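What follows is the residue order along each chain.
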Amino acid sequence: MAARFLAETQIAKRYVAVDTFAGFVDRQFEHDLTHGTEGSTRTGFARNSLDLVRRQLDAEGYEAVELLKGDVSEIAEHRLPPAIAVCLLDVDLDIPTYDGLRKVAPRLGRGGVLLVDDCHPSNAFAGARAGYRRFVAEAGVPEEYFMNMGVVRGA
């Protein structure tokens, strides 16, 4: 949807998607079991390979979307865009949510926004909310929610 929005509004912005393209990282998922995440969700995204996602995007006409394979917790910061206007952080688990926030929030431009998916208290992935709440507490910014997503705004 975001790629279509940019194309249809003719907004010339770089669109980068970072993903493991192999599902959850085992140690991160194990940690989230302590938050109450159901063990049955462990393999839910394991079939989303880089090749599959690339083919789907290309078939829809979104060849310009850049796919960056890696765990946001481990990815070298120089591989991320230096400036970010909008970010949807949808990694479901505590550790990569927190790490992703630490890497992306400083790159938000003035008026930029970072949305963290799965932050509703009843969401099956309780770790996303835990990572978000830990980040905002340490950063000294207010918790803000919109459409069940945590929000962090650029300065």
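Predicted model, so just to flag it, every value in this text is computed and none were measured. (Residues numbered from 1 in each chain as written. Predicted model: local features only at pLDDT ≥ 70, side-chain atom pairs only at ≥ 80, totals over all residues. Heavy atoms only, no water.)

A.B. asks: Is there a simple way to think about unusual backbone geometry in this case?
C.D. replies: Non-glycine residue Met147 carries a positive phi angle of around 50°. Tracing the backbone through its elements, the reader meets Met147 in the loop between β5 (145-146) and β6 (149-153). For Asn148, which is not a glycine, the phi torsion comes out positive at approximately 65°. Summarising the element assignment, Asn148 is placed in the loop between β5 and β6. (Helix = DSSP H or I, 4+ residues; strand = E, 2+ residues; numbered from the N terminus.)

A.B. asks: Quick question: what am I supposed to make of the packing of helix α4 (residues 94-104) against helix α5 (residues 126-139) here?
C.D. replies: In a pair of packed helices, the angle between the axes and the distance between the axes together describe the arrangement. Close contact between α4 and α5 brings their axes to 7 Å; oriented N to C, the two are set at 35°. For the pair α4 and α5, the sense of crossing is right-handed. Along the contact surface, α4 presents Asp94, Thr97, Tyr98, Leu101 and Arg102, while α5 presents Gly127, Ala128, Ala130, Gly131, Tyr132, Arg134, Phe135 and Glu138. A class-by-class count of the residues in the contact of α4 with α5 yields 6 nonpolar, 3 polar and 4 charged. (Axes fitted to C-alpha atoms, helices over the stretch in contact; angles between N-to-C directions. Left-handed = near helix turned anticlockwise from the far one by under 90°. Contact = heavy atoms within 4.5 Å. Nonpolar A, V, L, I, M, F, W, Y, C, P; charged D, E, K, R; others polar.)

A.B. asks: For this particular structure, what's the right way to read the nonpolar core?
C.D. replies: One recurring pattern in soluble globular proteins: nonpolar side chains tend to sit buried together. Leu101, Leu114, Val116, Tyr132, Phe135 and Val152 are the most contacted members of the largest nonpolar core, which has 15 residues in total. Within the residue set of this core, elements represented by two or more residues are β3 (84-89), α4, β4 (108-116) and α5. The residues contacting Tyr132, other than those within four sequence positions of it, are Thr97, Leu101, Val116, Cys119, Pro142, Glu143, Glu144, Tyr145, Gly150, Val151 and Val152. Listed in part, the 6 residues of the second largest apolar core include Val53, Leu57, Tyr62 and Val65. (Core = buried A, V, L, I, M, F, W, Y, C linked by side-chain atoms within 4.5 Å. Buried < 20%, exposed > 50% of the residue type's maximum accessible area, 1.4 Å probe, protein only.)

A.B. asks: How should the sheet that holds β6 be read in this particular structure?
C.D. replies: Across a sheet, paired strands are connected by hydrogen bonds in the backbone, their directions being either parallel or antiparallel. Pairing is mixed in the open sheet, where 4 strands are placed in the order β3-β4-β6-β5. Strands at the two margins of the open sheet, each flanked by one partner only, are β3 and β5. Sheet analysis places β3 next to β4, joined by 5 bridges and oriented parallel. In the strand pairing of β4, Val86 is matched with Val113. Sitting on the sheet, α5 touches β4, β5 and β6, and the angle it makes with β6 is about 25°. (Pairing = 2+ DSSP bridges.)

A.B. asks: Help me understand the packing of aromatic side chains, please; the structure alone is not making it clear to me.
C.D. replies: Summed over all chains, the structure comprises 4 aromatic pairs. Where Phe24 meets Phe29, the ring centres are 5.5 Å apart and the plane angle is 35°; that geometry is what we call tilted. For Phe24, a relative accessible area of 16% puts it in the buried group. What links up through ring pairs into an aromatic cluster is the set Phe24, Phe29, Phe45 and Phe125. Note that Arg134 overlies the ring of Tyr98, its terminal NZ or CZ placed 3.9 Å from the centroid. (Phe/Tyr/Trp six-rings, centres within 6.5 Å; stacked < 30°, edge-to-face > 60°. Lys NZ or Arg CZ within 6 Å of the ring centre and 35° of its normal.)

A.B. asks: I keep staring at α5 and nothing clicks. Help me out?
C.D. replies: Because each turn of an α-helix spans 3.6 residues, side chains separated by three or four positions in sequence point in the same direction. Relative to the 20 Å expected for 14 residues at 1.5 Å per residue, α5 spans 20 Å between its end C-alpha atoms, a close match to the ideal helical length. Taken together, the buried positions of α5 are occupied by Gly127, Ala128, Arg129, Gly131, Tyr132, Phe135 and Val136. A positive phi of about 70° marks Gly140, the residue just after α5. (Expected span 1.5 Å × (residues − 1).)

A.B. asks: When you look at the pattern of salt bridges in this model, what are you seeing that I'm missing?
C.D. replies: Side-chain pairing between opposite charges can occur once the charged atoms of the two side chains come close. Enumeration over the complete set of coordinates arrives at 9 salt bridges. Glu143 is paired through a salt bridge with Arg133; the nearest N and O atoms lie 3.1 Å apart. Of the two residues, Glu143 sits in the loop between α5 and β5 while Arg133 sits in helix α5, which places them 10 residues apart along the sequence. With a closest N to O distance of 2.6 Å, Glu144 and Arg153 form a salt bridge. A relative accessible area of 54% places Arg153 in the exposed class. The structure contains a network of salt bridges with shared partners spanning Asp26, Glu30 and Arg42. (Salt bridge = Lys/Arg side-chain N within 4 Å of Asp/Glu carboxyl O.)

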